[in-house]
Amino acid sequence: MENLRTYFHNSSFERVFRDEKIQTDVVYEGVSFWKDVSLRFSQNKGALIGLILISIIIALAFLGPQMNPHTYKSIKTEHMNLPPRIPVIEKLGIFDGEINGVNVYKENGFDEVYYWFGTDNLGRDIWTRVWVGTQVSLYIAFLALAIDMVIGMSYGLISGYIGGYVDIFMQRFIEILSGIPNLVVVTLFVMVLNPGILSISLALVITGWIGMSRVVRSQVLKLKELDFILASRTLGSSTLEIIRKDLFPNIFGQVIVMSMFSIPSSIFYESFLAFIGLGIQPPMASLGVLINDGYKSILIYPHIIVAPVIVLAVLMLSFNLLADGLRDALDPKMKAN
């Protein structure tokens, strides 16, 4: 008996009771779905960095052209091909307007002249042209988002839920559109209209929603056979009510993620068309036009191409980081290990 008493005295049970480390039941507060999504999103550093970079680029796209007296189309031949020069920072030995150790500004008598990103071969301010071009890229981004959310999602919901001959007809129509390359569609619009933002916008309206509609249709086909949809039908809900109240909330997360991933490809698509001469036409600026201009003189004046390439790369990377963060927040099962 004495040995048993000694055992309990020295055991971990005795120490737990003595130190008052008894665990009590923990009550967790209920968290709504969207609050849980916001918490997971806020813990994703990559997504937050992407969101911050996008916010900075959007702010500069609209404020940047107002930050100096130059316009995107003002030509000053005496200021051709000037390197970047930024006040105050030039004292650090960078962005000081020098090429091969020679200050081009002072050599030409431009002591009080500053071009933050330099000038192109017509003397136009690259800073202003880059941010005006970014406005075009952002327009394409939000146009692609609107097309996915309105046309693609609606088409996929109707096709997937109604099914039957309606689904067959709608899917055959998509296959016909998919068989026409996007470049051919844009070229046809360019032949009818002038090359520019209108041709690209119409091309996106015609073919830009096909991928989204297929994703939405596949999700609807999977959901419409579940019990909660059958219960809604039994209770007499109309087709529109089922789509709006039952199907749409359950696919909204996938729609947002898919839309965010389509934005970078749309931005690159516009830049590519501008680069090959089917997009925005000079003197109007877009990132593709600026890259095309800088590409022609990259070996002699590399500063002309550096700024638009960096802005385009950061913009596409930021949207990809944001889309990846939204995917992980909306569907934790998709998160990579």
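Located above this text is the structure these notes cover.
Everything quoted here is computed from the prediction, not taken from an experiment.

**As for the packing of helix α12 (residues 239-275) against helix α13 (residues 287-296)**
Then, number 1: At a minimum axis distance of 7 Å, the contact between α12 and α13 shows a crossing angle of 45°. One finds that α12 runs oblique with respect to α13. Considering the relative orientation of α12 and α13, their crossing is right-handed. Contacts between α12 and α13 pair Ser 271, Ala 274 and Phe 275 from the former with Leu 287, Gly 288, Val 289, Ile 291, Asn 292 and Tyr 295 from the latter.

**Structural notes on the side chain of Ser 286**
Then, number 1: Among the secondary structure elements, Ser 286 is positioned in the loop between α12 and α13.
Then, number 2: At a separation of 3.3 Å, a polar atom in the side chain of Ser 286 contacts the side chain of Glu 270.
Then, number 3: Setting aside residues no more than four positions away along its own chain, Ser 286 makes contact with Gly 133, Val 136, Glu 270, Ala 274 and Ile 280.

**With respect to the pattern of salt bridges**
Then, number 1: Scanning all chains against the criterion turns up 7 salt bridges.
Then, number 2: In this structure, Asp 167 engages Arg 217 in a salt bridge whose closest nitrogen and oxygen atoms are separated by 2.8 Å. You can see Asp 167 sitting in helix α7 (residues 164-178) and its partner Arg 217 sitting in helix α10 (residues 210-223), a full 50 residues away along the chain.
Then, number 3: Residue Arg 217 is classed as partly exposed on the basis of its relative accessible area, which comes to 22%.
Then, number 4: Note that Arg 172 is salt-bridged to Glu 175, the shortest N-O span being 2.8 Å. Of the two residues, Arg 172 and Glu 175 are both situated in helix α7; the distance of 3 residues between them amounts to about one turn of the helix.
Then, number 5: Relative accessible area serves as the criterion here: at 39%, Arg 172 is assigned to the partly exposed category.
Then, number 6: The class for Glu 175 is partly exposed, based on a relative accessible area of 43%.
Then, number 7: Each of Asp 120, Arg 124 and Arg 129 takes part in a single network of salt bridges with overlapping partners.

**Regarding α13**
Then, number 1: In terms of burial, α13 is largely enclosed, as 8 of its 10 residues are buried.
Then, number 2: Buried residues in α13 make contact with α6 (126-162), α12 and α14 (303-330).

**Overview of the packing of aromatic side chains**
Then, number 1: In total, this model carries 4 aromatic pairs according to the counting rule given.
Then, number 2: A centroid spacing of 4.9 Å and a plane angle of 45° characterise the contact between Tyr 155 and Trp 209, whose relative ring orientation is tilted. Note that Tyr 155 is positioned in helix α6 and Trp 209 in the loop between α9 (197-207) and α10, a separation of 54 residues in sequence.
Then, number 3: Of the residues examined, Tyr 155 reaches a relative accessible area of 15% and is grouped as buried.
Then, number 4: Members of the aromatic cluster, joined through ring pairs, are Trp 116, Phe 117, Trp 127 and Trp 131.

**A look at the environment of Thr 134**
Then, number 1: Relative to the elements of secondary structure, Thr 134 occurs in helix α6.
Then, number 2: Measuring from C-alpha to C-alpha, the distance between Thr 134 and Ile 267 comes to 9.7 Å, with 133 residues separating the pair along the chain.
Then, number 3: Every residue in contact with Thr 134, bar those within four places of it in the chain, is listed here: Ile 57, Ala 61, Leu 287 and Val 311.

Calculation criteria
Residues numbered from 1 in each chain as written. Predicted model: local features only at pLDDT ≥ 70, side-chain atom pairs only at ≥ 80, totals over all residues. Heavy atoms only, no water. Axes fitted to C-alpha atoms, helices over the stretch in contact; angles between N-to-C directions. Helix = DSSP H or I, 4+ residues; strand = E, 2+ residues; numbered from the N terminus. Parallel < 35°, antiparallel > 145°, perpendicular 65-115°, else oblique. Left-handed = near helix turned anticlockwise from the far one by under 90°. Contact = heavy atoms within 4.5 Å. Polar contact = N/O pair within 3.5 Å; in protein donor to acceptor, adjacent residues only side chain to side chain. Salt bridge = Lys/Arg side-chain N within 4 Å of Asp/Glu carboxyl O. Buried < 20%, exposed > 50% of the residue type's maximum accessible area, 1.4 Å probe, protein only. Phe/Tyr/Trp six-rings, centres within 6.5 Å; stacked < 30°, edge-to-face > 60°.

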